[in-house]
Amino acid sequence: EAARRLFSDAQTMLDQIVAEDWLTARAVLGFFPANRAGDDILIYADEQRTQVRERFYGLRQQNRQPPGHANGCLADFIAPEGQPDYLGAFACTAGDGIEPWIRQFEAAHDDYSAILLKALADRLAEALAEYLHQKTRRQYWGYAPDETLDTAALIAEAYQGIRPAFGYPACPDHTEKDTLWRLLDVERHTGMQLTESRAMWPAASVSGLYFAHPKARYFTVGKLGRDQVTDYAARKGMTVADAERWLGPNLGYDSQ
């Protein structure tokens, strides 16, 4: 009974969101000349590929992998220097306009509606990310123009390519969002901002990278050794202590 009520309330609120324009979806995406350099991905200023505009710093799995499986790094899915390749990037939100409604519900001590609205906005943001990825594969980047997948296949991620988000298992360092924000000029295009802890605002937001390689897959970097963290910090130009702070859950050693 509680589940039926929740579903009914969610459907009613979703109808209101649409009919009364409670929320506005905003997004920006782009595709950039790119190449792999070690565990990093170079983003070039133009097709001449002589000037590096930005650099995404990668982390590689260090744990022993099963036979036949390499220790993965996202940079592996980009061609090395000398072979033209591309990387996509995106940021989207379905939370524009949510704050006045949340304040209204909270002022009325209606925590249930406030929580329900936040949950629906989160789902709408994920749906927008899924829609943008499909449009990217079939049209914007167009590397899979003939893709025809039903809902079950989309849920199973049976399509070519991945869209990893910073802070998640394959790229756990949230500070890489700073580079994404510069590359896409996210705040100007969407109003989305990053907090000091690199959380996205509005909260109902999604961002990440697009990889088109046929063998691109999601993976977990897992625990990192002190040697890789030290190397990562040097590459990024940050102190080892800062790198350890941002990579805390992935440290395979005691940083104290």
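See the structure shown above.
Please read all numbers here as calculations on a predicted model, not as lab measurements.

From N to C terminus, the chain includes 8 helices and 7 strands. For 256 residues, the compact-globule estimate of 2.2 N^0.38 gives 18 Å, and the chain sits close to it at 20 Å. Each of the three principal axes of the chain carries a C-alpha extent, and together these read 55 × 50 × 40 Å. Per-residue burial for the chain yields a buried fraction of 44% across its 256 residues. Contacts in the chain between residues at least 24 apart in sequence constitute 68% of all its contacts with a sequence separation of at least 6. When the accessible surface of the chain is split by element, carbon and sulfur atoms take 51% of a total near 13700 Å². For the chain, the separation between the mean place of its 27 positive charges and that of its 36 negative charges on side chains is 4 Å.

Right, let's talk about the packing of helix α1 (residues 2-19) against helix α3 (residues 111-140) for a bit. Packing of α1 against α3 brings their axes to within 10 Å, and their N-to-C directions diverge by 70°. As far as their axial angle goes, α3 and α1 are roughly perpendicular. In contact with Arg5, Leu6, Asp9, Ala10, Met13, Leu14 and Ile17 of α1, α3 contributes Tyr112, Ser113, Leu116, Leu117, Leu120 and Leu124. Its residues placed into classes, the contact of α1 with α3 shows 10 nonpolar, 1 polar and 2 charged.

Taken as a whole and judged by the stated rule, the model has 1 cavity of 30 Å³ or more. Space inside the largest cavity adds up to approximately 130 Å³. Around the largest cavity, the lining is made up of 18 residues, and of these Tyr57, Gly58, Leu59, Leu74 and Cys171 lie nearest the centre. A breakdown of the residues in the lining of the largest cavity according to their chemical character gives 13 nonpolar, 1 polar and 4 charged.

Moving on to the packing of aromatic side chains. Under the criterion given, the structure shown has 8 aromatic pairs. Arranged with centres 6.2 Å apart and planes meeting at 55°, the rings of Trp22 and Phe105 form a pair that is tilted. With Trp22 in the loop between α1 and β1 (24-37) and Phe105 in helix α2 (residues 98-107), the pair connects residues that are 83 residues apart, well separated along the chain. The same class applies to Trp22 as to Phe105, namely buried. A ring pair is formed by Phe31 and Tyr210, whose centres lie 6.3 Å apart and whose planes are at 20°; its orientation type is stacked. A residue pair is termed long-range when its members are at least 10 positions apart, and Phe31 in strand β1 and Tyr210 in strand β7 (residues 205-210) qualify at 179 residues. A connected cluster of aromatic rings, assembled from ring pairs, spans Phe31, Phe90, Trp141, Tyr143 and Tyr210. Over the aromatic face of Tyr112 sits the side chain of Arg5, whose NZ or CZ is 4.8 Å from the ring centroid.

Moving on, we come to the packing of α2 against α3. At a minimum axis distance of 8 Å, the contact between α2 and α3 shows a crossing angle of 160°. By the angle between their directions, the pair α2 and α3 is classed as roughly antiparallel. Note on element contacts: α3 touches α2 through Ser113, Ala114, Leu117, Lys118 and Ala121, opposite Ile98, Trp101, Ile102, Phe105 and Glu106. Residue classes in the contact of α2 with α3 are distributed as 7 nonpolar, 1 polar and 2 charged.

To continue, consider the side chain of Thr136. Mapped onto the elements, Thr136 comes out in helix α3. Taking the relative accessible area as the measure of exposure, Thr136 reaches 1% and is therefore buried. Sequence-distant contacts of Thr136, defined by excluding residues within four places in its chain, comprise Leu29, Phe31, Trp141, Gly142 and Tyr210.

Here the focus is the sheet that holds strand β2 (residues 40-44). Within the open sheet, the 5 strands sit side by side as β3-β2-β1-β4-β7. Their pairing is antiparallel. Edge positions in the open sheet fall to β3 (52-56) and β7, since each of these has one partner strand only. When the angles between neighbouring strand axes are averaged without regard to direction, this sheet yields 30°. Direction of pairing for β1 relative to strand β4 (residues 85-96): antiparallel, over a ladder of 10 bridges. Within β4, the position partnered with Phe31 by the bridge is Gly88.

This part is about the pattern of salt bridges. Considering all chains together, one arrives at 17 salt bridges under this definition. Residues Glu147 and Arg137 are paired through a salt bridge, measuring 2.6 Å at the closest nitrogen-oxygen approach. With Glu147 in the loop between α3 and α4 (151-155) and Arg137 in helix α3, the pair connects residues that are 10 residues apart, well separated along the chain. Each member of the pair, Glu147 as well as Arg137, is classed as buried. Residues joined in a network through salt bridges with shared partners are Asp40, Arg55, Asp231 and Arg235.

Criteria and thresholds
- Residues numbered from 1 in each chain as written.
- Predicted model: local features only at pLDDT ≥ 70, side-chain atom pairs only at ≥ 80, totals over all residues.
- Heavy atoms only, no water.
- Helix = DSSP H or I, 4+ residues; strand = E, 2+ residues; numbered from the N terminus.
- Rg over C-alpha atoms; globule rule 2.2 N^0.38 Å.
- Buried < 20%, exposed > 50% of the residue type's maximum accessible area, 1.4 Å probe, protein only.
- Contact = heavy atoms within 4.5 Å.
- Areas by Shrake-Rupley, 256 points an atom, 1.4 Å probe, with all protein chains shown as cover.
- Lys, Arg positive; Asp, Glu negative; His and termini not counted.
- Charge placed at Lys NZ, Arg CZ, Asp CG, Glu CD.
- Axes fitted to C-alpha atoms, helices over the stretch in contact; angles between N-to-C directions.
- Parallel < 35°, antiparallel > 145°, perpendicular 65-115°, else oblique.
- Nonpolar A, V, L, I, M, F, W, Y, C, P; charged D, E, K, R; others polar.
- 1 Å grid on protein atoms, 1.4 Å probe; cavity = no way out; pocket = protein on both sides within 12 Å on 5 of 7 lines; lining within 4 Å.
- Points joined across faces, edges and corners; volume = space filled by probe spheres on them.
- Phe/Tyr/Trp six-rings, centres within 6.5 Å; stacked < 30°, edge-to-face > 60°.
- Lys NZ or Arg CZ within 6 Å of the ring centre and 35° of its normal.
- Pairing = 2+ DSSP bridges.
- Salt bridge = Lys/Arg side-chain N within 4 Å of Asp/Glu carboxyl O.

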